[in-house]
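# Architecture at a glance
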Amino acid sequence: MSAPGGDALIRMEGVHKWFGANHVIKGVDLSVEKGSVVVIIGPSGSGKSTLLRMMNMLEEPTEGKVWFEGKDITDIRTDLNRVRTDIGIVFQSFNLFPHMTAMGNITIALRKVLKLDAKEAAERARAELEHMGLPEKADEYPSQLSGGQQQRIAIARALAMRPKLMLFDEVTSALDPELVQEVLDAMKRLADEGMTMVVVTHEMGFAREVGTRMIFTDGGRIVEDGPPREIFDNPKDDRTKDFLSHVL
Amino acid sequence: MKTRGERIREWTSEQTALSLGLLLVGAGGVAVFFVGTILLVWLNGPTPWESLLETVLSAAQGTVLNLALGLGAAAAIAGFASYRRMPTKAAREAAVSGAALGVQAVLLVGVFYAFRKGENVALTVRQNFNFELLGEFGDAFVNGAKNTVFLAAVGEALGIALGLVLALLILSERVVVRAPARAYINFFRGTPLVWQLAFGYFGLKLGMRIPISTYQTAALVLGLNAGAYSAEIFRSGIQSIERGQREAARSLGMSYMQSMRYVILPQAFRRVIPPLTNEFIILIKDTSLVFVLGLTLEGRELFAVARDAYAERFNATMYIGAVIGYLAITLPLIRAVTMLENKLRAGYR
């Protein structure tokens, strides 16, 4: 292992996370290859969201290192604002900016962070709205949209930055059942286009169908890692078996 | 959508004779009190104060009070006794409203009675409702109101700017940044404004010979004081914004300051409009304390004008003049802010 980052887009090594006295991540080594769709499943409290949030340093590892494109992003000297423009994240609770229209939500970072001019930002935003199937919602405020539409706007907002990696943190968990599919479809489209994705989810169908690799976490550790079909059909670890028997 | 006429007809059809009667009697009690009193004062003339006193003590005023009391008590007693048995919701609401109005009429009459039967009602009227005297000070009061508005507006503008900076400082994770801001806020919140004004005047202007006018000193100290209170308001506003908003902004590559400026503060501002208005209204009234600085004649605000006029005529009606001035400023302000709030809310919630 010469270059610590390797060819992987994200690489984690010996990562631990404590919240106070609570040891949430207990030594994780993981790399995410370009073009892969990594699905992280596991019981609640197993640390999967924390793991995901450490990939863009929303949570700082207490111990261990994280590389993005070979660059150590746990190094204090790394410009995280710059790194984050290459990593999109979508949250369970959408986190759209309620005081801005859909258009405003998408263009604000394009203009203020990437310094695009207003026209170019608007064009990109329109293209992403189209991409997410919501071209007519540009001037609506988040409160005027359904949960599924809001989440697709949130995906469009992240995509407009042209990220190299997309992180999804239980993005369908806050949605009414009938709205889940439209968001999953959008994510599947994204995967088909070759986007590198890390997806924390409870949607087993999506994991099996779209994931190129599945990780099962329990108690702050990765207990199983492999192709989704293999894990679903033939789980090796007892905890995985137990979990899958409950959710399938 | 039903038209106004349709809604009124529907409402009327759900009323009973008793419920309508209760509403009318209760409203009548309040109406008799106000209309009767105002009419008598108007007929007899509000000035000179002797005629006002005469009206207050007159048999006609006594009749008005007794009538209002009778109507109010009847509506209150009958309303509360019968509202549970009303057949429709509209009828019950009418009965309860009639009873509530009745109670209000009784309370109003009670207060007026107490005033009328007071030990020295003549002195009260002469000292507080001698409106004739206000006339000659009209221009002074208008000028005073201008100064009150100006001092409060400059103080609030300074206070908002300072408060915003202080709020960001006390939210810092670094104790060396937080501590001085915290000390400033606690000091200005913990000491009387009247002392701060006096110290600003004697300490800074006279003692240290800082070349600012007394008027500027007043505006500056009001601003320094308002800054401490506004800081706490902004802090709570900023902290009330969900953590996810900051996370979303930072994840898009925004710096701390960018996330504040474009995402957190615009939302926080809307949330702090009510407490900030409250603070502004308190500041408007606090301008009355700048009398300790001894402003020049044209620089005097409402309260100082009233004090001067009182010193000249030994009549407290002058303070009523100031009160009218304060209300003329604060009531439209409250109304304007309510409208602004509704407009902002219409945008996204």
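Residues numbered from 1 in each chain as written. Chains lettered and ligands numbered in written order. Predicted model: local features only at pLDDT ≥ 70, side-chain atom pairs only at ≥ 80, totals over all residues. Heavy atoms only, no water.

## Examining the overall build of chain B
The criterion, for reference: Helix and strand assignments come from DSSP, with helices taken as H or I runs of at least 4 residues and strands as E runs of at least 2, each series counted from the N terminus. Radius of gyration here uses only the C-alpha atoms, and the compact-globule reference equals 2.2 Å multiplied by the residue count raised to the power 0.38. For the exposure calls, accessible area comes from a 1.4 Å probe over protein chains only, and a residue counts as buried if that area is under 20% of its type's maximum, exposed if over 50%, partly exposed in between.
Scanning chain B from terminus to terminus reveals 14 helices and zero strands. Ordered by position from N to C terminus, the α and β elements of chain B give α-α-α-α-α-α-α-α-α-α-α-α-α-α. For 349 residues, the compact-globule formula gives about 20 Å, and the C-alpha radius of gyration of chain B, at 27 Å, lies well above that figure. Reported as C-alpha extents along the three principal axes, the dimensions of chain B are approximately 70 × 60 × 30 Å. Expressed as a percentage of the 349 residues in chain B, the buried residues total 42%.

## A closer look at the layout of surface pockets
For clarity, the threshold we go by: The way it works is a 1 Å grid over only the protein atoms, where trapped points that fit a 1.4 Å probe form a cavity and open points with protein on both sides within 12 Å along at least five of seven lines form a pocket, and then any residue with an atom within 4 Å of a point lines it. Grid points are joined across faces, edges and corners, and a volume is the space filled by probe spheres set on the points.
What the largest pocket holds in volume is close to 1,200 Å³. Lining the largest pocket are 32 residues; nearest its centre among them are B:L171, B:E173, B:R246, B:R250 and B:Y256. Among the elements of the structure, α2 (80-84) of chain A together with α7 (138-170), α10 (214-239), α11 (243-251) and α12 (256-286) of chain B are those that each provide at least two residues to the lining of the largest pocket. The dominant element in the lining of the largest pocket, judged by the number of residues it contributes, is α11(B), at four residues.

## Let's talk about the pattern of salt bridges
Let me state the cut-off plainly: Note on definitions: salt bridges are taken to be side-chain nitrogens of Lys or Arg within 4 Å of carboxyl oxygens of Asp or Glu.
Using the criterion set out here, one finds 24 salt bridges over all chains in the structure. Between A:D218 and A:R239 there is a salt bridge; the shortest N-O distance is 4.0 Å. Of this pair, A:D218 sits in strand β9 (residues 213-218) while A:R239 sits in helix α9 (residues 238-247); the two residues are 21 residues apart in sequence, bridging distant segments of the chain. With a shortest N-O distance of 2.1 Å, B:R300 and B:D308 are connected by a salt bridge. The class of B:D308 is partly exposed, set by a relative accessible area of 30%.

## Some thoughts on the confidence of the model for chain A
Rules: pLDDT is a residue-level measure of predictor confidence that goes from 0 to 100.
Overall, the prediction assigns chain A a mean pLDDT of 94, with 98% of residues at 70 or greater. At the low end of the mean pLDDT range in chain A sits α9(A), at 90; at the high end sits strand β6 (residues 87-90) of chain A, at 98.

## Details of the interface of chain A and chain B
Formally: We call two residues in contact when some of their heavy atoms are within 4.5 Å. Buried area: the accessible area, evaluated with a 1.4 Å probe, that two parts lose upon being put together, summed over both parts. Any N or O atom pair separated by 3.5 Å or less is treated as a polar contact, with the protein-specific requirement of one donor-capable and one acceptor-capable atom, and with residues adjacent in sequence counted only for side-chain atom pairs.
Facing the 24 residues of chain A at the interface are 21 residues of chain B. Note on chain A versus chain B: buried area summed over both sides is about 1,900 Å², and carbon and sulfur give 60% of it. At the boundary of chain A and chain B, one finds one salt bridge. We note a salt bridge from B:E247 to A:R53, for which the minimum N-O separation is 2.6 Å. Run the count over chain A and chain B and you get six residue pairs in polar contact (both at pLDDT 80 or more). Of all the secondary-structure elements, those providing two or more residues to the side of chain A that touches chain B are α2, β6 and α3 (102-112) of chain A. It is α3(A) that provides the largest number of residues to the side of chain A that touches chain B, a total of three residues.

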